[in-house]
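# Coordinate inspection notes
The lines below spell out each chain.
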Amino acid sequence: MNPNPPTLTTADILNVIKQARHAELCRDVFSLQKVLQDLLINNDCLPQFSEFEPKIRGELLRLYGFYLTFYGRSKNLKDFQVKAKDVLTNAVEIFDSEGLPEKSAEAKIILA
């Protein structure tokens, strides 16, 4: 994880999301980890992504929750599952508050 994440423009973040979605669709958690690593400061702390607008923050949380879920399963890491639940729950709350039921449903599917 990056101790000092770079300052990214909106275009940079949208590109990260695009790459992360591609890795998600391919179920390639290692590529997803590589894409998200510059945004993550500390693996022990849950990311907040509070510097981003809610829609982007929710999507980053959803993608990170996906990563935690599938990486944790592949390595049989129980603490990853708990972190994933918390991250995905935050994403659902953001999507619900922003009136984005489709995005909320995507996060809920990962939770299931």
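Everything below is about the structure shown above.
Quick caveat, the model's predicted, so the values are computed rather than measured. (Residues numbered from 1 in each chain as written. Predicted model: local features only at pLDDT ≥ 70, side-chain atom pairs only at ≥ 80, totals over all residues. Heavy atoms only, no water.)

### Here we look at the overall build of the protein
Counting its regular elements, the protein contains 5 helices and 0 strands. Listed N to C, the secondary structure of the protein is α-α-α-α-α in terms of helices and strands. In terms of C-alpha radius of gyration, the protein reaches 13 Å, essentially the compact-globule figure of 13 Å for 112 residues. Buried positions account for 41% of the 112 residues belonging to the protein. The long-range share in the protein, meaning contacts at least 24 apart out of those at least 6 apart in sequence, stands at 60%. Accessible area for the protein stands at about 6500 Å²; split by element, carbon and sulfur atoms hold 52% of it. Positive and negative charge centroids in the protein, built from 14 and 15 side chains respectively, lie 6 Å apart. (Helix = DSSP H or I, 4+ residues; strand = E, 2+ residues; numbered from the N terminus. Rg over C-alpha atoms; globule rule 2.2 N^0.38 Å. Buried < 20%, exposed > 50% of the residue type's maximum accessible area, 1.4 Å probe, protein only. Contact = heavy atoms within 4.5 Å. Areas by Shrake-Rupley, 256 points an atom, 1.4 Å probe, with all protein chains shown as cover. Lys, Arg positive; Asp, Glu negative; His and termini not counted. Charge placed at Lys NZ, Arg CZ, Asp CG, Glu CD.)

### Details of the nonpolar core
Membership of the largest hydrophobic core comes to 33 residues, with the highest contact counts inside it found for Leu 36, Leu 60 and Tyr 67. Going through the elements one at a time, helix 1 (10-25), helix 2 (29-36), helix 3 (54-75), helix 4 (78-97) and helix 5 (101-111) are the ones with two or more residues in this core. Per-element tally for this core: the top contributor is helix 3, with 9 residues. When sequence neighbours within four positions are dropped, the list of residues in contact with Leu 60 reads Ile 13, Ile 17, Leu 39, Phe 49 and Phe 52. (Core = buried A, V, L, I, M, F, W, Y, C linked by side-chain atoms within 4.5 Å.)

### Re the pattern of salt bridges
The final tally for this structure, using the stated rule, is 7 salt bridges. With a shortest N-O distance of 2.7 Å, Glu 24 and Arg 62 are connected by a salt bridge. A residue pair is termed long-range when its members are at least 10 positions apart, and Glu 24 in helix 1 and Arg 62 in helix 3 qualify at 38 residues. One salt bridge connects Lys 103 with Glu 59, and the closest N-O pair in it is separated by 2.8 Å. Here Glu 59 lies in helix 3 and Lys 103 lies in helix 5, a separation of 44 residues in the sequence. Like Glu 59, Lys 103 is buried. A cluster of three or more residues bridged by salt bridges with shared partners is formed by Arg 21, Glu 24, Glu 59, Arg 62, Lys 103 and Glu 106. (Salt bridge = Lys/Arg side-chain N within 4 Å of Asp/Glu carboxyl O.)

### Regarding the packing of aromatic side chains
A complete count under the given rule lists 6 aromatic pairs for this structure. Centre to centre, the rings of Phe 49 and Phe 52 are 6.3 Å apart; their planes meet at 45°, and the pair counts as tilted. Neither residue differs from the other here; Phe 49 and Phe 52 are each classed as buried. With 5.5 Å between their ring centres and 45° between their planes, Tyr 71 and Phe 80 make a pair best called tilted. The rings of Phe 30, Tyr 64, Tyr 67, Tyr 71 and Phe 80 are connected pair by pair, giving a single aromatic cluster. A cation sits over an aromatic face here: Arg 73 above Phe 70, 5.1 Å from the ring centre. The residue whose ring lies beneath Lys 83 is Phe 80, and the NZ or CZ to ring-centre distance is 5.7 Å. (Phe/Tyr/Trp six-rings, centres within 6.5 Å; stacked < 30°, edge-to-face > 60°. Lys NZ or Arg CZ within 6 Å of the ring centre and 35° of its normal.)

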